[in-house]
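# Commentary on secondary and tertiary structure
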Amino acid sequence: MDRGSKPAVLVTGGAGYIGAHTAKALDEQGFLPVVYDNLSSGFREAVRWGPFIHGDLRDRAALGEAIAAYDVSAVIHFAGLIEVGRSTKKPDLFWDINVAGTTNLLTVMRERGVGRLVFSSSAAVYGQGGRSTQESITESAEKAPSSPYGDTKLAAEWMIAAQCRAYGLTAVALRYFNAAGADPSGLIGEAHEPETHLLPLAIAAALGDGPALTVFGQDFQTPDGTCLRDYIHVTDLAAAHVAALRVDLPPGAFEAVNVGTGEGQSVSQVVAAVGRAVGAPVPHSVGPRREGDPASLVADPRRARELLGWRANHSSLEEIVADALRWERNPRYGAGLRQVRHSIRSEVPV
Ligand SMILES: NC(=O)c1ccc[n+]([C@@H]2O[C@H](COP(=O)([O-])OP(=O)(O)OC[C@H]3O[C@@H](n4cnc5c(N)ncnc54)[C@H](O)[C@@H]3O)[C@@H](O)[C@H]2O)c1
């Protein structure tokens, strides 16, 4: 591969959903995305825009070699475990990978003189707290994670912030709200296994590729009783990473920034939008609430506009659903990829 003079960015977790889309955006913006991933939930096929290194976050030597081999000047850190439910059953594993793994990465970055980081944080750091469901969330809102997953994201942020102060690292933590959609090319998209996210589950149900959808709770204090979430197109999210990499910040700066649209969509609205796009209703039933599900998580995105000059351009529900559907309907990728995922899964145990 011609590395030319492109600045190399290590993309941990770049074989995963958001990382792959960001690797594409980096390539389009003149960077070389060097993907470092253990393929525990990512796909080798999703690494298309730069070199791939098969490695684990907990392996310091391999991280160091990857940084040295490509003369990496910055890191975008996506790698980690993401399933909220699993985190309640295996909190130690989540702390090991999401927190201790991040510590490893920071140590290696310091040893190798890499001073710039963009970190995948999450709206899960907020929880519902004392907010009413009408309020959008600013970055200074109370932090009240409602799962071990959210705890690990907040702990990692704290540690990164402390290392910025102590060692002059410059970091931006992007607190994503609900990532959704797929690249318009249909080549990359969402394929978690197990899938727990609403949109792919609703599409699979509507296409007859998956079981009927369960809507978790219809008795929230929201306009139609179902949870409100802020869905952000993964293409917009990828652009936010490039903006966070480029923003002019002094050594030692740490910034936490919400990445969302500022608009909440209810579960029922998403289900209806999928039905319209597919041309068939989404088979679904209503079940009990899931433990720890906040009624509403909607970003106040002003800080992202001010600091990063970023705003969501592709995140109408219609565009998100149309792009997700194109991916899911691609027999080679989408649902097809999910079906073959076990044959391409790495042997690395997590
Ligand atoms: N998907 C969302 O809506 C969402 C919302 C908020 C935050 N996030 C955060 O964004 C990041 C990416 O999420 P995603 O949806 O793309 O998930 P994903 O599971 O598709 O991607 C995670 C990637 O990390 C890799 N990985 C996991 N453990 C690793 C390890 N120990 N060493 C090396 N690689 C490892 C996986 O193989 C995978 O490719 C995560 O940190 C997640 O917490 C996601």
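The structure reproduced in this document is the subject of the present report. (Residues numbered from 1 in each chain as written. Predicted model: local features only at pLDDT ≥ 70, side-chain atom pairs only at ≥ 80, totals over all residues. Heavy atoms only, no water.)

## With respect to the packing of helix α6 (residues 198-207) against helix α10 (residues 317-329)
For clarity, the cut-off: Helix axes are fitted to C-alpha atoms over the stretch in contact, other axes to C-alpha atoms as well, and angles between N-to-C directions run from 0 to 180 degrees. Strands here are runs of E lasting at least two residues and helices are runs of H or I lasting at least four, both read from the DSSP assignment and numbered beginning at the N terminus. Oblique is the label for any angle not covered by the other classes, which are roughly parallel (under 35 degrees), roughly antiparallel (over 145) and roughly perpendicular (65 to 115). Helix crossings get a hand from a simple test, with the near helix turned counterclockwise from the far one by less than a right angle marking a left-handed crossing and a clockwise turn marking a right-handed one. Residue contacts follow a heavy-atom distance rule, with two residues in contact if any of their heavy atoms lie within 4.5 Å. Residue type decides the class: Asp, Glu, Lys and Arg count as charged, Ala, Val, Leu, Ile, Met, Phe, Trp, Tyr, Cys and Pro as nonpolar, and the leftover types, Gly among them, as polar.
At a minimum axis separation of 10 Å, α6 and α10 run at an interaxial angle of 60°. Taken together, the axes of α6 and α10 are oblique relative to one another. Where α6 crosses over α10, the handedness of that crossing is right-handed. From α6, L199, P200, I203 and L207 reach across to α10, where they touch I320, V321, A324, L325, E328 and R329. In terms of residue class, the contact of α6 with α10 is built from eight nonpolar, no polar and two charged.

## Quick look at the packing of aromatic side chains
What counts is decided by this rule: The criterion for an aromatic pair is that two Phe, Tyr or Trp rings (for Trp, the six-membered ring) have centres within 6.5 Å, with stacked assigned to planes under 30 degrees apart, edge-to-face to planes over 60 apart and tilted to the rest. Geometrically, a charge over a ring is one whose NZ (Lys) or CZ (Arg) sits within 6 Å of the ring centre while staying within 35 degrees of the ring normal.
Tallying each qualifying case throughout the model produces one aromatic pair. Just above the ring of Y167 sits the side chain of R110; from NZ or CZ to the centre is 4.0 Å. In this structure, R289 packs its charged tip against the face of F220, placed 4.0 Å from the ring centre.

## Description of the site of the ligand
Definition in use: One heavy atom within 4 Å of a molecule or strand is enough for the residue carrying it to be called near that molecule or strand. Identification of polar contacts relies on pairs of N or O atoms within 3.5 Å, with a donor-acceptor requirement for protein atoms, meaning one able to donate a hydrogen and the other able to accept it, and with residues adjacent in sequence counted only if both atoms are side-chain atoms. For every accessible area listed, the method is Shrake-Rupley and the probe measures 1.4 Å; residues are considered covered only by the protein chains on display.
Among the 29 residues in the neighbourhood of the ligand, the closest are listed as D37, S41, F78, Y149 and K153. Interatomic distance of 2.9 Å between a backbone N/O atom of Y17 and an oxygen atom of the ligand. Separating an oxygen atom of the ligand from a backbone N or O atom of G42 is a distance of 3.0 Å. Summarising the interface, the protein chains cover 97% of the accessible area of the ligand, which totals 820 Å² for the free molecule. Elements that contribute at least two residues to the shell around the ligand include exactly α1 (17-28), β5 (116-122) and α5 (148-167). The element best represented in the shell around the ligand is β5, accounting for three residues. Taken together, the residues that form the shell around the ligand break down as 13 nonpolar, 13 polar and three charged.

## Details of the pairing of strand β8 (residues 213-216)
Keep this limit in mind: Classification of residues uses two cut-offs on accessible area relative to the type maximum, computed with a 1.4 Å probe and protein chains only: under 20% is buried, over 50% is exposed, and between them is partly exposed. Strands qualify as paired when DSSP identifies two bridges or more between them.
The two faces of β8 differ: L213 and V215 on one face are buried, but T214 and F216 on the other face are not. Direction of pairing for β8 relative to strand β13 (residues 284-287): parallel, over a ladder of four bridges. Bridged to V215 within β13 is V286.

## Details of the sheet that holds strand β6 (residues 170-176)
Sheets are built from strands that pair by backbone hydrogen bonding, the pairs being arranged parallel or antiparallel. Reading across the sheet, the seven strands line up as β3-β2-β1-β4-β5-β6-β11 and stay open at both edges, with parallel pairing between neighbours. Only two strands of the sheet have a single partner each, and these edge strands are β3 (52-54) and β11 (254-259). Averaged over all pairs of adjacent strands, the angle between their axes in this sheet comes to 20°, without regard to strand direction. Sheet topology places strand β2 (residues 32-37) next to β3; three bridges connect them, and they run parallel. From the neighbouring strand, Y36 faces β3, where its bridge partner is I53.

## Comments concerning the environment of V286
Along the chain, V286 falls in strand β13. Residue contacts for V286: discarding those within four places in its chain leaves V215, G217 and Q218.

## Focus: the sheet that holds strand β14 (residues 296-297)
Read from one edge of the open sheet, three strands run β12-β9-β14, paired in mixed fashion. Two strands in the sheet have a free side with no partner beyond their single neighbour: β12 (265-266) and β14. In this structure, strand β9 (residues 228-229) lies alongside β14, joined through two bridges in parallel fashion. Among the inter-strand pairings, R229 is bridged to a residue of β14, identified as L297.

## Let's talk about unusual backbone geometry
Phi is positive for L39, which is not a glycine, with a value near 60°. Of note, L39 is situated in the loop between β2 and β3. We classify L39 as buried; its relative accessible area is 7%. With a phi close to 50°, D71 is a non-glycine residue in the positive phi region. For D71, a relative accessible area of 62% puts it in the exposed group.

## Quick notes on the nonpolar core
We count it as follows: Here, nonpolar core refers to any group of buried Ala, Val, Leu, Ile, Met, Phe, Trp, Tyr and Cys residues whose side-chain atoms link them within 4.5 Å.
Grouped together as the largest cluster of nonpolar side chains are 38 residues, with contacts concentrated most on I18, L26, L174, L245 and L308. At the level of secondary structure, the elements contributing two or more residues to this core comprise β1 (8-12), α1, β4 (74-77), β6, α7 (234-246), β11 and α9 (302-308). Among the elements that make up this core, the one with the highest residue count is α7 (eight residues). In contact with L26, other than residues within four places in its own chain, are V9, V11, F31, P33, I76, V242 and L245. Membership of the second largest hydrophobic core comes to 34 residues, among which are V34, Y36, L105 and A256.

## Remarks on the side chain of T226
Considering the arrangement of structural elements, one finds T226 in the loop between β8 and β9. Among the polar contacts listed, one links the side chain of T226 to the backbone nitrogen of V267, at a separation of 3.3 Å. A polar contact of 3.3 Å, which involves the side chain of T226, links it to the backbone nitrogen of S268. In contact with T226, not counting residues within four places along its chain, are V215, G217, Q218, F220, S266, V267 and S268.

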